[in-house]
Amino acid sequence: AQTVTQSQPEMSVQEAETVTLSCTYDTSESDYYLFWYKQPPSRQMILVIRQEAYKQQNATENRFSVNFQKAAKSFSLKISDSQLGDAAMYFCAYRNPVGDMRFGAGTRLTVKP
Amino acid sequence: NAGVTQTPKFQVLKTGQSMTLQCAQDMNHEYMSWYRQDPGMGLRLIHYSVGAGITDQGEVPNGYNVSRSTTEDFPLRLLSAAPSQTSVYFCASSSLGQAPGANVLTFGAGSRLTVL
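As the structure is a computational prediction, the values presented were derived from the model and not from experiment.

What counts, and at which threshold
Residues numbered from 1 in each chain as written. Chains lettered and ligands numbered in written order. Predicted model: local features only at pLDDT ≥ 70, side-chain atom pairs only at ≥ 80, totals over all residues. Heavy atoms only, no water. Disulfide = S-S within 2.5 Å. Helix = DSSP H or I, 4+ residues; strand = E, 2+ residues; numbered from the N terminus. Buried < 20%, exposed > 50% of the residue type's maximum accessible area, 1.4 Å probe, protein only. 1 Å grid on protein atoms, 1.4 Å probe; cavity = no way out; pocket = protein on both sides within 12 Å on 5 of 7 lines; lining within 4 Å. Points joined across faces, edges and corners; volume = space filled by probe spheres on them. Nonpolar A, V, L, I, M, F, W, Y, C, P; charged D, E, K, R; others polar. Contact = heavy atoms within 4.5 Å. Buried area = accessible area lost by both parts, 1.4 Å probe. Salt bridge = Lys/Arg side-chain N within 4 Å of Asp/Glu carboxyl O. Polar contact = N/O pair within 3.5 Å; in protein donor to acceptor, adjacent residues only side chain to side chain.

Draft legend 1. Examining the state of the cysteines more closely. Residue and element names in this part refer to chain B. A complete count under the given rule lists two disulfides over all chains for this structure. Paired through a disulfide, Cys23 and Cys91 show a sulfur-sulfur distance of 1.8 Å. Between Cys23 and Cys91 the sulfur-sulfur dihedral comes to about -70 degrees; the bridge is accordingly left-handed. Taken together, the residues Cys23 in strand E3 (residues 19–25) and Cys91 in strand E9 (residues 87–94) connect sequence positions 68 residues apart. Of the two residues, Cys23 and Cys91, both sit in the buried class.

Here's what the structure looks like:
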């Protein structure tokens, strides 16, 4: 079974600085999808960014970008120019083509003013 | 556009009682799924479905039943609730395939279940 590991239970960043959240996963498949979701205190799950495994180019969405290393099975999230509104739990997720989706345990990000 | 609607938002049960968590989506998504979220463990997949009449087990299916009689609805049934099922439950749906936006889950607001 696929597993997703987030090795940083908590991270802290100064407002306007850059922070990187780590994620590794284990799979024997070549075709899959990777995601980062954000969960603020409201509990709502919000998509931050997605990456298709067949795409070599790293995905970017405004201040959010990923470093996708397929051979190393690594998928880190970089948040640039951190804002107070970025404070939340961040979950890395893996999905295979038939729909089985696994989440990491999450990283709690604190943004200091 | 309602998206994914879960009911109820809160529920308290006694051990051994049964209940159904309702989930409905109005986006014509083929894929629907249920997750539970426990402190320190992220979201764990309970059951999922890739279309009407098709369901499959996820990571933690024991104690839960699902059915998918229509594209829109995917209820989760607890037949005999146990304290270990105290959790926050999320329903989510997505389209499948290679189209832009496919495979991105849209989540419901969550349902907090307490089993005494």
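The structure having been displayed, the exposition proceeds.
Draft legend 2. Quick peek at the layout of surface pockets. There is about 560 Å³ of room inside the largest pocket. Taken together, the residues of the lining of the largest pocket break down into twelve nonpolar, nine polar and five charged.

Draft legend 3. Structural context of the interface of chain B and chain A. Between chain B and chain A, the residue contacts involve 30 residues of the former and 20 residues of the latter. In this assembly, chain B packs against chain A so that about 2000 Å² is buried in total across both faces, 48% of it on carbon and sulfur atoms. Among the residues chain B hides against chain A, the three largest losses belong to Leu43(B), Asn103(B) and Phe107(B). Together they make up 26% of the total. At the surface where chain B touches chain A, the tally comes to one salt bridge. The salt bridge partner of Glu59(B) is Arg102(A), with a shortest N-O separation of 3.8 Å. Where chain B touches chain A, the interface holds seven residue pairs in polar contact (both at pLDDT 80 or more). Of all the elements in the fold, those that place two or more residues in the side of chain B that touches chain A are strand E4 (31–37), strand E5 (43–51), E9 and strand E11 (111–115) of chain B. With four residues, E5(B) is the largest single contributor of residues to the side of chain B that touches chain A.

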